[in-house]
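# Residue-level structure breakdown
Each chain, written out:
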Amino acid sequence: IMSYLKQEDAHAAREAAFKIIYQWDMGDGNEELAIETMLEEGELTTENEAFCRKIVQGVQENQEAIDKFIQENAKGWSLGRMMSVDRNLLRLAAYEIKFADHISAIGAINEAVELAKEFNMTQANISKIQQNCLRKMLIYLKVYNQRINH
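So, a few notes on the structure that sits alongside this text. Since the model is a prediction, treat every value here as computed from it, not as a measurement.

Aromatic ring pairs are reported here in terms of the distance separating the ring centres and the angle at which the planes meet. With the rule as written, the count across this model stands at two aromatic pairs. Ring centres of Phe 18 and Tyr 22 lie 6.0 Å apart, and the angle between their planes is 40°; this geometry places the pair in the tilted category. Here the residue Phe 18 and the residue Tyr 22 both occupy positions in helix α1 (residues 7–25), the gap between them amounting to four residues, near one helical turn. With a relative accessible area of 28%, Tyr 22 lands in the partly exposed category. On the basis of an interplanar angle of 10° and a centroid distance of 6.4 Å, the ring pair of Tyr 95 and Phe 99 is categorised as stacked.

Here it is as structure tokens:
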């Protein structure tokens, strides 16, 4: 899926996936309706729809392992204490870092940082919790060099 998407299309799909994951986490989890709305409003194109779906599905299917991975790398912060923007950006990043084969770990972290800059309305930059957690995830991957293959 990823090989034919331009970088900006992949970013737009990732942004749409984040919005859907966020809505789902907030208890408004009608994925199909969210995707249809984004297609209608032009936030998502038919070209990047499949990539968006792949990310959303990957996060949902692996949420338990993703949340465990985040918790292991966000010392002192429970998922429940995190702002929902932080929690769901980290879920998307953790999915791409640990489970996805369409992007490198460094690429996933860079994308997470870009999304964090766009969606953290209260701060000009990403939160300390995101910085620390992403840094620890990267160190974890360098030390253990593992991705879970399904």
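So, about helix α3 (residues 46–61). Its 16 residues give α3 an end-to-end C-alpha distance of 23 Å, which sits within 8% of 22 Å, the value for a rise of 1.5 Å per residue. Listed as buried for α3 are Asn 48, Glu 49, Phe 51, Cys 52, Ile 55, Val 56, Gly 58 and Val 59. Next to the buried residues of α3 lie α1, α2 (31–40), α4 (63–73) and α5 (84–98).

We now examine the nonpolar core. Ranked by internal contacts, the top residues of the largest apolar core, which has 43 residues, are Cys 52, Ile 55, Ile 70 and Ile 97. Secondary-structure elements contributing two or more residues to this core are α1, α2, α3, α4, α5, α6 (105–119) and α7 (128–144). If one sorts the elements of this core by residue count, α5 sits on top with eight residues.

Next up on the list: the side chain of Glu 111. Along the chain, Glu 111 falls in helix α6. Reaching out from Glu 111, the side chain makes a polar contact with the side chain of His 11 at a distance of 2.7 Å.

The next point concerns the environment of Ala 65. The topology assignment puts Ala 65 in helix α4. Its relative accessible area of 33% is what places Ala 65 among the partly exposed residues. Between the C-alpha atoms of Ala 65 and Ala 94, which are 29 residues apart in sequence, the distance is 9.3 Å.

Here the focus is the packing of α2 against α3. Viewed as axis vectors pointing N to C, α2 and α3 meet at an angle of 155°, and their least axial separation amounts to 11 Å. In terms of orientation, α2 lies roughly antiparallel with respect to α3. The interaxial crossing formed by α2 with α3 has right-handed handedness. Seen from α2, the contacting residues are Glu 31, Glu 32, Ile 35, Glu 36 and Leu 39; seen from α3, they are Thr 46, Glu 49, Arg 53, Val 56 and Gln 60. A per-class count over the contact of α2 with α3 returns three nonpolar, two polar and five charged.

This brings us to the pattern of salt bridges. Under the criterion given, the structure shown has nine salt bridges. Residues Arg 91 and Asp 25 are paired through a salt bridge, measuring 3.0 Å at the closest nitrogen-oxygen approach. Note that Arg 91 is positioned in helix α5 and Asp 25 in helix α1, a separation of 66 residues in sequence. Residue classification places Asp 25 among the partly exposed positions, given a relative accessible area of 25%. Notably, a salt bridge pairs Glu 49 with Arg 53, separated by 2.8 Å at the nearest N-O pair. Highlighted residues: Glu 49 and Arg 53, both in helix α3, separated by four residues, approximately one helical turn. One connected set of salt bridges, linked through shared partners, spans Asp 25, Asp 67, Arg 87 and Arg 91.

What counts, and at which threshold
Residues numbered from 1 in each chain as written. Predicted model: local features only at pLDDT ≥ 70, side-chain atom pairs only at ≥ 80, totals over all residues. Heavy atoms only, no water. Phe/Tyr/Trp six-rings, centres within 6.5 Å; stacked < 30°, edge-to-face > 60°. Helix = DSSP H or I, 4+ residues; strand = E, 2+ residues; numbered from the N terminus. Buried < 20%, exposed > 50% of the residue type's maximum accessible area, 1.4 Å probe, protein only. Expected span 1.5 Å × (residues − 1). Contact = heavy atoms within 4.5 Å. Core = buried A, V, L, I, M, F, W, Y, C linked by side-chain atoms within 4.5 Å. Polar contact = N/O pair within 3.5 Å; in protein donor to acceptor, adjacent residues only side chain to side chain. Axes fitted to C-alpha atoms, helices over the stretch in contact; angles between N-to-C directions. Parallel < 35°, antiparallel > 145°, perpendicular 65-115°, else oblique. Left-handed = near helix turned anticlockwise from the far one by under 90°. Nonpolar A, V, L, I, M, F, W, Y, C, P; charged D, E, K, R; others polar. Salt bridge = Lys/Arg side-chain N within 4 Å of Asp/Glu carboxyl O.

None of this, on its own, says anything about what the molecule does.
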